[in-house]
2 protein chains.
Amino acid sequence: MKEPTPQDLTALAHTLAHDNHTLRARMQSFAASDPIFIPRYDLPLPVTRELAHQRLHRLASQNFLSVFDFEKDPLKIFAAHEMAGIMDQSMATKMTVQWNLFGGTVIKLGTGRHRKLLGGVDSLKDVGCFALTELGFGNNAVEMETTAHYIHETHEWDIHTPTIKGQKYWISNAAVDATWAVVFAQTFVNNKNEGVHAILVRIRESDSHRTVSKGVTIQDMGAKMGCNGVDNGKLFFDHVRAPAENLLNRYSDVDRRTGQFSSSISSRRGRFLKVADQLLSGRLAISSLCLGGTKVCLTIAFRYAHSRLCVGPEGKSDTPIMVYQLQQRALLPLFAQTVCLNFGLNYCKRRWSALSLRAHQQYQQVQQSGYKAKNKNDHDEEAEEVVRLCCVIKPLITWNAERIATTCRERCGGQGYLSVNRFGDMIGYAHAGITAEGDNSVLMQKVTKEYLALLQRQHKSKGETLEQWFMKLREKTVDIESLEGLLALLRLREAGVFYELGSTLESKLAKGKPLFQVWMGEESDTIQSAAKAFGERVCFEQTLDIIHTLDRGPRTILETLLRLWGLTLVETYLSWFLTRQLMTPQKGLLVPQRAREVVASVGEHSLALCGILGVDERLLFAPIAGDLGGWEEYNRSDNHGELLEKSLLDTAGFKPHNAFRRSKL
Amino acid sequence: MKEPTPQDLTALAHTLAHDNHTLRARMQSFAASDPIFIPRYDLPLPVTRELAHQRLHRLASQNFLSVFDFEKDPLKIFAAHEMAGIMDQSMATKMTVQWNLFGGTVIKLGTGRHRKLLGGVDSLKDVGCFALTELGFGNNAVEMETTAHYIHETHEWDIHTPTIKGQKYWISNAAVDATWAVVFAQTFVNNKNEGVHAILVRIRESDSHRTVSKGVTIQDMGAKMGCNGVDNGKLFFDHVRAPAENLLNRYSDVDRRTGQFSSSISSRRGRFLKVADQLLSGRLAISSLCLGGTKVCLTIAFRYAHSRLCVGPEGKSDTPIMVYQLQQRALLPLFAQTVCLNFGLNYCKRRWSALSLRAHQQYQQVQQSGYKAKNKNDHDEEAEEVVRLCCVIKPLITWNAERIATTCRERCGGQGYLSVNRFGDMIGYAHAGITAEGDNSVLMQKVTKEYLALLQRQHKSKGETLEQWFMKLREKTVDIESLEGLLALLRLREAGVFYELGSTLESKLAKGKPLFQVWMGEESDTIQSAAKAFGERVCFEQTLDIIHTLDRGPRTILETLLRLWGLTLVETYLSWFLTRQLMTPQKGLLVPQRAREVVASVGEHSLALCGILGVDERLLFAPIAGDLGGWEEYNRSDNHGELLEKSLLDTAGFKPHNAFRRSKL
């Protein structure tokens, strides 16, 4: 690979960022210019939370994002999340709860009568939370126990927590900040369970003490392994009354006069999926903020690997560790993977935004014309596809974030262990991403289940079986040298895994085995592999499509990175290809060899390359991200592992004592 | 696999624990009975450190271990480390610095004139630290910059830090607790560099303020991603004087009268390796304490997986998640691996202890008889073998610790993210283990380098090449059904990787490529694989040897676990076997299938099985390790994520204010 020119790198960085370029630059410059964004470490929980809270207020004051962007430019919201993820993922998490889960749910499930709240979302005047998960119902929320009984006499909802397992759990912003909660509950009208609906409930009053509202109990979940700027709380409701109008009633409502329930969605399952809809954009938001953190990790690790000197040919400490193949093999494939997953995420965001904007337009038309067009089938298929994309990209991005933070930490040695160099925080955030908005592996099961069904429908309509599809693909001659060849291999794997899963299910069910037993007890490995194969193929394809739109300079760079990722994937799945005899042992031997060759060719340019991630140097903060002089200088003074001397804290304009005033600790 | 009986499990647990069974039980009961060992979370750094400090004092008061055990029963020291690792790995790390790195170095490199210090080691009256690593010299300590010049006039050492890069870095116990440091420095006598030696230097005075000694500067390294109970510091020396007698002079000394330097070790490299000798037992100590933490992780995760209910056949939340193959496939192979690595560690500890005790006896004989026996060659070979074992087991155990803590965290979902459930701490500790006492990957390079040389010598003396050795092994028919068959495959892989590395090196060097280029720039993957193949083969072999000593009941259990680990390893290296055509694709297909079968057979007994890890239930502390009622009950009250209510803290007999008195913050 030849020396990439600054112009080529800038062009590629621009393409990778995808949208809202000015916003991205403005947000990073704003944070770089405000000392409150300088990371701080040994702080008590309430102060850590207050810091995230105040940072979020600073951002909000600049109107970088608005809940109304969901109706205009949703990409702006995801871009803001990615930038926030570069700064402070605790703050970014509070952001996503406020703008996406809370604000987004109100704007999309609510109607005219709820819009008055939305101004307070952008200004943070009304901080909200999203009370879906319950202690006993993490991955099976549809079975939640919280109830909302309609009281016709007073036209109110009676919200109640019947059991300990039914307490609302993990509720971000609840322990300290939120005044409103979107509460999800089994809704009973005339003692009939109409399924899960979302109701706005006040949990704190607007008085100066922010008194907890009558009948509501809020408990603080305390210290976590990371993301401690977020105040997670537990909520209990003791027959709390809320006006019937607080039901977010775009799809279901109760008639004030008759007290009759009506819904445009017939099935209870359908109603649940609709009210939990913000979890979809939530997965894109989590992916975006996690990706921001991943870019920070890689940039810090690459820079340190170029300034850290260790044993050289003469045994002196004179050789940058990035020269070592050990370092290159550990970091560069993950870098290439991050770039390609980023292009995949860009695609998912684009698809979700287009669908979401169209849904909004249709809703407006219905409001004006009163006429509701029947959903055409292809539209459902598009919606299902977007669901699959959102469900597969979050696992890929957050698992990648965990591997990258962990690997960068290890490859930066002792320096990587210091809080001030940020990898520890990033590991904690990545784990939050892995579990938030749906456990990664559970989402992968959903993706496989729905995509397998779709494939079977599609190929049936073409009059072919999955086996025939797979057999056609395996006729291609194996080619690991070209990008098209690598894509063909990823398609072959995708087809092969889905075909194997499909036929195994068929034969086992035919033998009378219960589906649950086969799905949860016997085919888990294949189910997980299938969704991964699907997601990785999509990201590879999307990156290849982008390559075709690029000029020669940036194109060559991206081709090399995509080639590295493709080879890495084929190397990972090598035993699968070999046991299926889809590749000869001789060809198989070449795969890791080629991967090493590409890694070596990328290695010498790695410092320049990590510039395409687009992280503003001023937001890296890790001393080891400076040049050798930089981190040596940091280690001259007695800084107690902090960046700011205590004496400078006030100039950072941050008053920690607020924390103790506001916190319940 | 049939239901294991309590007797079988107890027998296996006894074998796994290996030694000092009463000590293990006594230490755990002691900790369980003293509330100071109850974990606490949202604490400021100085308090976290004080807690680890006070916990260590409680243990010391019971004389569970003594530095003199290095001359009597070294296994006792490692057993104490493992138990301490179950309680608090920060405390365990302070323990290993005090008893192994500091005390161990004084007792083994010192002579009669230094033994007066040793009493203070056991009582913690004299807390010490081990000042080897420098900011600029982590993996290349032999190049360190700190100097010790001998001043004949005053018969003193002048200890000096010439540069920022030469500051002593990461020094545990230095920021707050230590009064003594074993300082490693380039030693100059008559301006001749005699290599690195160890000198006792006072860094704090014994007055009530524990004043930092004249010429010494101590800086606090502050917050880390984990292990924050350990007070890591940076040390600078400004021409600090120490009496010449403070040189630990078992192998080198300066004559008071003539001022001449003499050493029983001729090469400077040899002197460095000898003075850094405690890093060897240090690697066993780190492995032991990390293993303690790993056992805690597995026990908590297994128990939660049996009490946590999620979606069942009817869609209700009524099925323990351990029933899911997803959970079993994630946790059980790691469990089996932990047990087998444990047997491997037992072997390494035994070999190191035997060698170390014999060396001590020889030293005593020399002291009495004055006659020094020439080292026989086989003895050197034994020493080299023990070095290899210590260097390979630490990476295997600490990487396993990281994977287990990370996987358990993820498979326990949101609950796994709460500090109170301990996985976050364990991830932090595992990372410390990966880097402490030598970066894992760097140690693996050393193992491969030395073992390759040995293999070449050995086989040459047998008149065969490595290729012939490998060819002989590949004649065996592949058998994945029996333990002997699996061992044969691991041996085949070991031979194959070393043969490939050896021949590649030979041909590349023959072509005139510089060794550094080939070793650091081209063969890294093979070098890492080789050491892993060596270490895993040793652990598998050791476990198999143990199996042959067991009664039928425990034997069947261990056979199943070893089988699972063997299949998991062969599955991991499957593409290597297939590309070398050492296994047919058909046979290869069977490997993951067999692994799944064994996992399923182990799954139903997993709760009982994790009992063999020998963790006292009272030391689990994680609420999710209780039964369903247990963690539901924990979530009833407003505990702020802590186990102790603030009001109970005093009954825990812990006075946090001490922290503020003692700390410099």
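Just so it is clear, the structure is predicted and the values come from calculations on it, not from any experiment.

Colleague: How should I be thinking about the sheet that holds strand S4 (residues 168-171) of chain A in this particular structure?
Modeller: Working definition: the strands of a sheet are paired by backbone hydrogen bonds and lie parallel or antiparallel to each other. Residues and elements named next belong to chain A. What the three strands build is an open sheet, ordered S4-S8-S7; its pairing is antiparallel. Two strands lie at the open edges of the sheet, namely S4 and strand S7 (216-220), each paired on one side alone. For this sheet, the mean angle separating the axes of adjacent strands, direction not counted, is 25°. The pairing of S4 with strand S8 (residues 233-237) spans two bridges and is antiparallel. Bridge pairing in S8 places isoleucine 171 opposite glycine 233.

Colleague: What exactly am I supposed to notice about unusual backbone geometry here?
Modeller: With glycine set apart, most residues show a phi of negative sign, and most peptide bonds adopt trans. Residue and element names in this part refer to chain B. A positive phi angle, near 50°, is found at asparagine 20, a position not held by glycine. Here asparagine 173, not a glycine, exhibits a phi torsion of approximately 75°, which is positive. For asparagine 173, the location among the structural elements is in the loop between strand S4 (168-171) and strand S5 (180-189).

Colleague: Please explain the pattern of salt bridges as it appears in this structure.
Modeller: Proximity of charged atoms lets side chains of opposite charge pair with each other. Residue and element names in this part refer to chain A. This structure, assessed with the given rule, holds 94 salt bridges over all chains. The residue lysine 508 makes a salt bridge to glutamate 522 at a minimum N-O spacing of 2.7 Å. Residue lysine 508 is found in helix H15 (residues 483-510), and its partner glutamate 522 is found in the loop between helix H16 (515-521) and helix H17 (524-549); the two are separated by 14 residues along the sequence. Because the salt bridges share partners, they merge into one network encompassing Asp19, Arg24, Glu82 and Lys295.

Colleague: What is the right way to read the packing of helix H5 (residues 89-109) of chain A against helix H8 (residues 278-307) of chain A from this model?
Modeller: How two helices sit against one another is set out by the angle between their axes and by the gap between those axes. Residue and element names in this part refer to chain A. H8 packs onto H5 with a crossing angle of 160° between their chain directions and a minimal axis gap of 10 Å. The orientation of H5 with respect to H8, classified from their angle, is roughly antiparallel. Where H5 crosses over H8, the handedness of that crossing is right-handed. Residues Gln89, Ala92, Thr93, Thr96, Asn100, Leu101, Gly104, Thr105 and Lys108 of H5 form the contact with H8, whose participating residues are Gln278, Leu279, Ser281, Gly282, Ala285, Leu289, Cys290 and Gly293. For the contact of H5 with H8, the class distribution of residues is six nonpolar, 10 polar and one charged.

Colleague: Would you take a moment to explain empty space enclosed by the protein for this structure?
Modeller: Take a probe with the size of a water molecule and roll it over the atoms, and the empty space left behind shows itself. Residue and element names in this part refer to chain A. In the structure shown here, the tally under the stated rule is 16 cavities of 30 Å³ or more. Considering only enclosed or pocket space, the second largest cavity measures out at about 70 Å³ in volume. Looking at which element gives the most residues to the lining of the second largest cavity, the answer is helix H7 (residues 268-275), with three residues. Here the residues of the lining of the second largest cavity sort into five nonpolar, three polar and three charged.

Colleague: I keep staring at the interface of chain B and chain A and nothing clicks. Help me out?
Modeller: By a frequent convention, interface size equals the accessible area lost on bringing the separate parts together. Listed as interface residues are 97 residues of chain B and, on the opposing side, 97 residues of chain A. When the area that chain B buries against chain A is broken down by residue, the three leading residues are B:Tyr417, B:Phe516 and B:His640, summing to 9%. Where chain B touches chain A, the interface holds 10 salt bridges. Between chain B and chain A we count 55 residue pairs in polar contact (both at pLDDT 80 or more) in total. Ranked by residues supplied to the side of chain B that touches chain A, first place goes to helix H12 (residues 423-435) of chain B with eight residues. When the residues that make up the side of chain B that touches chain A are grouped by side-chain class, the tally is 37 nonpolar, 36 polar and 24 charged.

Colleague: What's the story with the relation of the copies chain B and chain A in this structure? I'm lost.
Modeller: Put simply, the two copies of the chain differ by a rotation about an axis and a shift along that axis. It takes a turn of 180° to lay chain B on chain A, together with a shift of 0.0 Å along the axis; the resulting RMSD is 0.0 Å. The operation mapping one copy onto its partner corresponds to a two-fold rotation axis. Taking C-alpha positions as the reference, the residue of chain B nearest the rotation axis is B:Ser575, at 2.2 Å.

Colleague: When you look at the pairing of strand S6 (residues 192-202) of chain B in this model, what are you seeing that I'm missing?
Modeller: Consecutive side chains of a regular strand alternate in pointing toward one face of the sheet and then the other. Residues and elements named next belong to chain B. Summarising burial for S6: nine of the 11 residues are buried, a large majority. Two elements, S5 and S6, share nine bridges in a ladder whose sense is antiparallel. For alanine 181, the partnering residue across the bridge sits in S6 and is valine 201. Counting the residues in the hairpin turn of S5 and S6 gives two residues, including asparagine 190, whose phi is positive at 50°.

Colleague: So what exactly am I meant to see when it comes to the sheet that holds S4(B) here?
Modeller: Residue and element names in this part refer to chain B. Pairing is antiparallel in the open sheet, where three strands are placed in the order S4-S8-S7. Looking along the sheet, the strands with just one partner apiece sit at the ends: S4 and strand S7 (216-220). Along the sheet, successive strands turn relative to each other by an average axial angle of 25°, direction set aside.

Colleague: How should the UniProt feature "binding site: FAD" (unreviewed entry) in chain A be read in this particular structure?
Modeller: Residues and elements named next belong to chain A. Under the present numbering, the feature "binding site: FAD" (unreviewed entry) in UniProt falls on Thr133. Secondary-structure assignment places threonine 133 in the loop between strand S1 (128-131) and strand S2 (147-151). The contact partners of threonine 133, leaving out residues within four places of it in the chain, are Gly138, Gln167, Lys168, Tyr169 and Ile171.

Colleague: I'm lost on the nonpolar core in this one. Help?
Modeller: Core analysis: the largest hydrophobic core is formed by 445 residues, its most contacted members being A:Trp157, A:Phe335, B:Trp157 and B:Phe335. No other element matches the 16 residues that helix H8 (residues 278-307) of chain B contributes to this core. When near neighbours in sequence (up to four residues on either side) are disregarded, B:Phe335 contacts B:Leu298, B:Phe302, B:Leu561, B:Leu609, B:Cys610, B:Ile612 and B:Leu613.

Cut-offs applied
- Residues numbered from 1 in each chain as written.
- Chains lettered and ligands numbered in written order.
- Predicted model: local features only at pLDDT ≥ 70, side-chain atom pairs only at ≥ 80, totals over all residues.
- Heavy atoms only, no water.
- Pairing = 2+ DSSP bridges.
- Helix = DSSP H or I, 4+ residues; strand = E, 2+ residues; numbered from the N terminus.
- Axes fitted to C-alpha atoms, helices over the stretch in contact; angles between N-to-C directions.
- Salt bridge = Lys/Arg side-chain N within 4 Å of Asp/Glu carboxyl O.
- Parallel < 35°, antiparallel > 145°, perpendicular 65-115°, else oblique.
- Left-handed = near helix turned anticlockwise from the far one by under 90°.
- Contact = heavy atoms within 4.5 Å.
- Nonpolar A, V, L, I, M, F, W, Y, C, P; charged D, E, K, R; others polar.
- 1 Å grid on protein atoms, 1.4 Å probe; cavity = no way out; pocket = protein on both sides within 12 Å on 5 of 7 lines; lining within 4 Å.
- Points joined across faces, edges and corners; volume = space filled by probe spheres on them.
- Buried area = accessible area lost by both parts, 1.4 Å probe.
- Polar contact = N/O pair within 3.5 Å; in protein donor to acceptor, adjacent residues only side chain to side chain.
- Least-squares fit on C-alpha atoms with pLDDT ≥ 70 in both.
- Buried < 20%, exposed > 50% of the residue type's maximum accessible area, 1.4 Å probe, protein only.
- UniProt positions renumbered as here; feature names shortened; annotations may be inferred.
- Core = buried A, V, L, I, M, F, W, Y, C linked by side-chain atoms within 4.5 Å.

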